[in-house]
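Coordinate analysis (summary)
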Amino acid sequence: MFREGPNDVHLHDLRAGVQVIAGTVLGHVAAAGAGGEPSMVFQIRPTGARAPLIDPKPILDGWVQLENSSVFRAKGQSPFAAGAPSAGQVLLESKEQLQRQVLANPDIEIYPCGRQDIETDQIDRRVLATLEFLAVSGLKPTVSALKCGHSLETAEGNVSEHASGDAVDISAIDGVPIAGHQGPGSITDTTIRKLLTLQGSMKPHQIISLTSYPGADNTIAKADHFDHIHIGFLPAGAVTASLAGSLSSAITPSQWIKLIARLGEIPDPTVASARSAAAIPAPAARAGGGKG
């Protein structure tokens, strides 16, 4: 599935190694022929060196249970085949897809010189994914600095992450300026807490504002960031090297086989579809547009 903007979707031929988002049609099984009933073998290869092909049924069964439980979404809303990409889908998209989406997204405001940075392929994929991630999460960013127009060095004399296209500065969210709107409960606080949900290769190296957050090693407080949020990433090569160590410690092929066999032995839990007797009613939304 290839997206040309927020809502236009086109299908391309599947090839080995491509990442697909939820709802993508992988193929069709042919009609029955002289050779008997058609069939399809579906297996998963976990990450890590020498990982074996494993039976996906225990994992798929878990997905079905999550779907039935409505734990991670509103009841009655399907996570599949969405008209526009979800926050999770955005993080899987290619750089080319993200470039088109960010430039076409009316919820992302970018200064002219910054748009040229994106059009000329100078901005890292993670920066583009972060902007789209914020937009689809309901936080409409105004971009004040990408590569163009930013100084080569920081105030401390270090080479800026902007210089390599690995950073973005955001001066407003939903039209509310960062200046004068920082601190607990502010739009800046909401945005940073959303950014802190990004993990793995998508975890920013630096999130700089007026506040640092306990337990978040990538948040930094600086007085000169009173009017913007700086979101920066390590160079892609450094991220690849750091992830290599974690992948090298993956479980062995024989351990994978034992793990999947054990998962297959665990009975599926009974998932309640009705409200629990212990549930506490949520208070009604306050007048003035508040959300429950």
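Please read these numbers as outputs of a predicted model, since none were measured by experiment.

The rules behind each value
Residues numbered from 1 in each chain as written. Predicted model: local features only at pLDDT ≥ 70, side-chain atom pairs only at ≥ 80, totals over all residues. Heavy atoms only, no water. Helix = DSSP H or I, 4+ residues; strand = E, 2+ residues; numbered from the N terminus. Buried < 20%, exposed > 50% of the residue type's maximum accessible area, 1.4 Å probe, protein only. Contact = heavy atoms within 4.5 Å. Areas by Shrake-Rupley, 256 points an atom, 1.4 Å probe, with all protein chains shown as cover. pLDDT = per-residue confidence, 0-100. Axes fitted to C-alpha atoms, helices over the stretch in contact; angles between N-to-C directions. Parallel < 35°, antiparallel > 145°, perpendicular 65-115°, else oblique. Left-handed = near helix turned anticlockwise from the far one by under 90°. Nonpolar A, V, L, I, M, F, W, Y, C, P; charged D, E, K, R; others polar. Core = buried A, V, L, I, M, F, W, Y, C linked by side-chain atoms within 4.5 Å. Salt bridge = Lys/Arg side-chain N within 4 Å of Asp/Glu carboxyl O. Disulfide = S-S within 2.5 Å.

**Quick word on the overall build of the protein chain**
- Helices and strands together make up the secondary structure of the protein chain, namely eight helices and nine strands.
- Counting only residues that meet the buried cut, the protein chain has 30% of its 292 residues in that class.
- Here the analysis covers contacts within the protein chain between residues at least 6 apart in sequence; of these, 61% occur between residues at least 24 apart.
- With the model as given, the accessible surface of the protein chain reaches about 17700 Å², and the carbon-plus-sulfur share is 57%.

**Quick notes on the environment of Asp13**
- Here Asp13 shows up in the loop between strand 2 (9-10) and helix 1 (57-69).
- For the pair Asp13 and Leu26, spaced 13 residues apart in the sequence, the C-alpha separation amounts to 9.0 Å.

**Points about the confidence of the model for the protein chain**
- Per-residue pLDDT for the protein chain averages 79, and the proportion of residues at 70 or more is 77%.
- Long-range and interchain partners of residues 288-292, a stretch whose pLDDT sits below 50, account for three contacts in this model, where long-range means more than four residues apart.

**Observations concerning the packing of helix 3 (residues 95-104) against helix 4 (residues 112-119)**
- One can describe the packing of helix 3 onto helix 4 by two numbers: an axis separation of 10 Å at closest approach and a directional angle of 160°. Judged by the angle between their axes, helix 3 and helix 4 are roughly antiparallel. Both helix 3 and helix 4 take part in a crossing whose hand is left-handed. Facing helix 3, whose interface residues are Gln99, Val102 and Leu103, helix 4 presents Arg115, Ile118 and Glu119.
- In the contact of helix 3 with helix 4, the residues fall into three nonpolar, one polar and two charged.

**Some remarks on the nonpolar core**
- In terms of nonpolar packing, the biggest core is built from 34 residues, with Ile110, Ile118, Val143, Leu146 and Val168 touching the most fellow members.
- Residue assignment for this core shows that the elements contributing at least two residues are helix 3, helix 5 (125-136), strand 5 (167-173), helix 6 (187-195) and strand 9 (229-232).
- For this core, the element with the most residues is helix 5, which contributes seven residues.
- Setting aside chain neighbours within four positions, we find Val143 in contact with Ile108, Glu109, Ile110, Tyr111, Leu131, Val168 and Asp169.

**Overview of unusual backbone geometry**
- Of note in the backbone geometry, Asp121 takes a positive phi value of approximately 65° without being a glycine.
- Mapping Asp121 onto the fold places it in the loop between helix 4 and helix 5.
- The backbone phi angle of Asp174 is positive, close to 55°, even though this residue is not glycine.
- For Asp174, the position within the fold is in the loop between strand 5 and strand 6 (176-177).

**Side note on the pattern of salt bridges**
- In total, this model carries seven salt bridges according to the counting rule given.
- In this structure, Asp107 engages Lys140 in a salt bridge whose closest nitrogen and oxygen atoms are separated by 3.9 Å. Of this pair, Asp107 sits in the loop between helix 3 and strand 3 (109-110) while Lys140 sits in the loop between helix 5 and strand 4 (141-145), placing them 33 residues apart in sequence.
- In this structure Asp107 comes out as partly exposed when scored by relative accessible area, which is 30%.
- Between Lys203 and Asp217 there is a salt bridge, with the nearest N and O atoms lying 3.0 Å from each other. A residue pair is termed long-range when its members are at least 10 positions apart, and Lys203 in the loop between helix 6 and strand 7 (206-209) and Asp217 in the loop between strand 7 and strand 8 (219-221) qualify at 14 residues.
- Relative accessible area serves as the criterion here: at 33%, Lys203 is assigned to the partly exposed category.
- On the basis of relative accessibility, which here comes to 66%, the residue Asp217 falls in the exposed class.

**Re the state of the cysteines**
- The full count for this structure, using the stated rule, is one disulfide.
- Disulfide partner of Cys113: Cys148, at an S-S distance of 1.5 Å. Between Cys113 and Cys148, the S-S dihedral sits near 70°, and the bridge is therefore right-handed. One end of the pair, Cys113, is in helix 4; the other, Cys148, is in the loop between strand 4 and strand 5, with 35 residues separating them in the sequence.
- The class for Cys148 is partly exposed, based on a relative accessible area of 23%.

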